[in-house]
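Below are the chains, spelled out letter by letter.
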Amino acid sequence: MVESREFEGKTVDEAIEKACKELNLKREQLQIDVITSGSSGIFGIVGARKAKIRVSPKEMLPDDQVKLAKEVLENILNPFDVPVVVEGRIKDDQIYLDIISNGSGLFIGRRGQTLDALQYIVNKIVKKEISQCLPIVVDSENYRERRKKSLIDLAKQLGRKARKSSRPVASSPMNAHDRRIIHLTLKKEKGVRTKSKGEGAFRKVVVFPVKRGNSSRNAGHGTNSRKDPPQAERDD
């Protein structure tokens, strides 16, 4: 349910301006109910009453959200001199945009970095237009799923190596989304625990072997000057 708020002003228009400014929304994006129109009273002093309104962001149907997100992505891709088609649909309570093109590698980028950038921009633009919008995922050639499977395989490989060598094993630097997949995968594995280390673009996952009888530490973290959130929940 969308939360409504009340605003006051000398006039209804002034109250609406206040609402738009505070909520960072355009007038046409708001559902506006006038509670009182206000009154200037006698000579603007005696009996003057402020105008009061109740506003809430307009809700957009999921299909309309998909249409808007699709248009935004198409406009971003237009300058590229590559034939491209964008398909959009609702999938797992998200807006899923699929870029179909012979030059899909251009839109995927190294380890999906270009896809991530496109996804970030589309989400930013659409959420400026629709305050209550479903999360948007931008994909091409099922890259997201293929990347996830690759990371799960990598996580299991790191886990085996850490157990066999009885030494910590580190991944290459990864973004937060990829590190989270490693953490979640190895949380289910016995004999290892994980922790993110490093800063910024150089942050990576370190897999530690856990001695028998100390497996309860699998869900925790080792000592580090920087405290990490629980690996099964999020990674920053």
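The structure displayed is predicted, hence computed values, not measured ones.

**Structural notes on a nonpolar patch on the surface**
And step 1. On the surface, Tyr-120, Ile-121 and Ile-125 cluster together into a nonpolar patch covering about 290 Å² of accessible area.
And step 2. Within the secondary structure, Ile-125 sits in helix α4 (residues 113–129).
And step 3. According to the relative accessible area criterion, Ile-125 is partly exposed, its value standing at 37%.

**Focus on the sheet that holds strand β9 (residues 204–209)**
Paired through their backbone hydrogen bonds, the strands of a sheet run either parallel or antiparallel.
And step 1. Taken together, 3 strands build an open sheet; the order of strands is β7-β9-β8 and the sheet is antiparallel. This sheet does not close on itself; its edge strands, each paired only once, are β7 (169–170) and β8 (192–197).
And step 2. By the bridge criterion, 6 bridges tie β8 to β9 in an arrangement that is antiparallel. Opposite Lys-197, over in β9, you have Lys-204 as the bridge partner.
And step 3. Helix α6 (residues 176–187) contacts β8 and β9 of the sheet and is inclined by roughly 165° relative to β8.

**Concerning the side chain of Ser-104**
And step 1. Note that Ser-104 resides in helix α3 (residues 104–108).
And step 2. The buried category is assigned to Ser-104, whose relative accessible area is 4%.
And step 3. Polar contacts involving the side chain of Ser-104 include one to the side chain of Glu-141, which spans 2.8 Å.
And step 4. Excluding residues within four positions of it along the chain, Ser-104 makes contact with Ser-140 and Glu-141.

**So, unusual backbone geometry**
Glycine aside, a negative phi is what most residues show, and trans is what most peptide bonds show.
And step 1. Backbone geometry at Glu-141 places phi at a positive 55°, although glycine is not the residue there.
And step 2. With respect to the secondary-structure elements, Glu-141 resides in the loop between β6 (136–139) and α5 (143–165).

**Re the pairing of strand β5 (residues 94–101)**
And step 1. By the criterion of burial, β5 is predominantly enclosed, with 6 of the 8 residues buried.
And step 2. Bridge count for strand β4 (residues 84–91) against β5 is 8 bridges, and the pairing is antiparallel. Within the sheet, the bridge partner assigned to Arg-89 lies in β5 and is Tyr-96.
And step 3. In this structure, the hairpin formed by β4 and β5 is closed by a connection of 2 residues, where Asp-92 is found at a positive phi of approximately 55°.
And step 4. Note that β5 and β6 share 4 bridges and pair parallel. Each residue of the ladder has a partner; that of Tyr-96, found in β6, is Val-137.

Rules behind the numbers
Per chain, residue numbering runs from 1 following the sequence as it is written. With the structure being a predicted model, the display of local features is reserved for residues of pLDDT at least 70 and the display and counting of side-chain atom pairs for 80 or more, all residues being used for whole-chain, interface and lining totals. As a rule here, side-chain values come from all non-hydrogen atoms in the structure, and water together with hydrogens is ignored. Patch definition: residues above 30% relative accessible area lacking any salt bridge, with like charges linked at up to 9 Å and the nonpolar side chains Val, Leu, Ile, Met, Phe, Trp and Tyr linked at up to 5 Å. Working definition of accessibility: Shrake-Rupley area with a 1.4 Å probe, residue cover restricted to the visible protein chains. Any Lys or Arg side-chain nitrogen located within 4 Å of an Asp or Glu carboxyl oxygen qualifies as a salt bridge. For the purposes of this entry, the term helix denotes a DSSP run of H or I that reaches at least four residues, the term strand denotes a run of E that reaches at least two, and both are numbered from the N terminus. Exposure is judged per residue with a 1.4 Å probe applied to protein chains only, and the accessible area is read against the type maximum: over 50% gives exposed, under 20% gives buried, and values in between give partly exposed. Two strands are counted as paired when DSSP detects at least two bridges linking them. Here a residue-residue contact requires only that any non-hydrogen atoms of the pair lie within 4.5 Å. Angular values range over 0 to 180 degrees, each being the angle between N-to-C directions of two axes fitted as lines to C-alpha atoms, with helices fitted over their stretch in contact. A 3.5 Å cut-off defines polar contacts: any pair of N or O atoms within that distance qualifies, except that in protein one atom must be a possible hydrogen donor and the other a possible acceptor, and neighbouring residues in sequence count only when both atoms are side-chain atoms.

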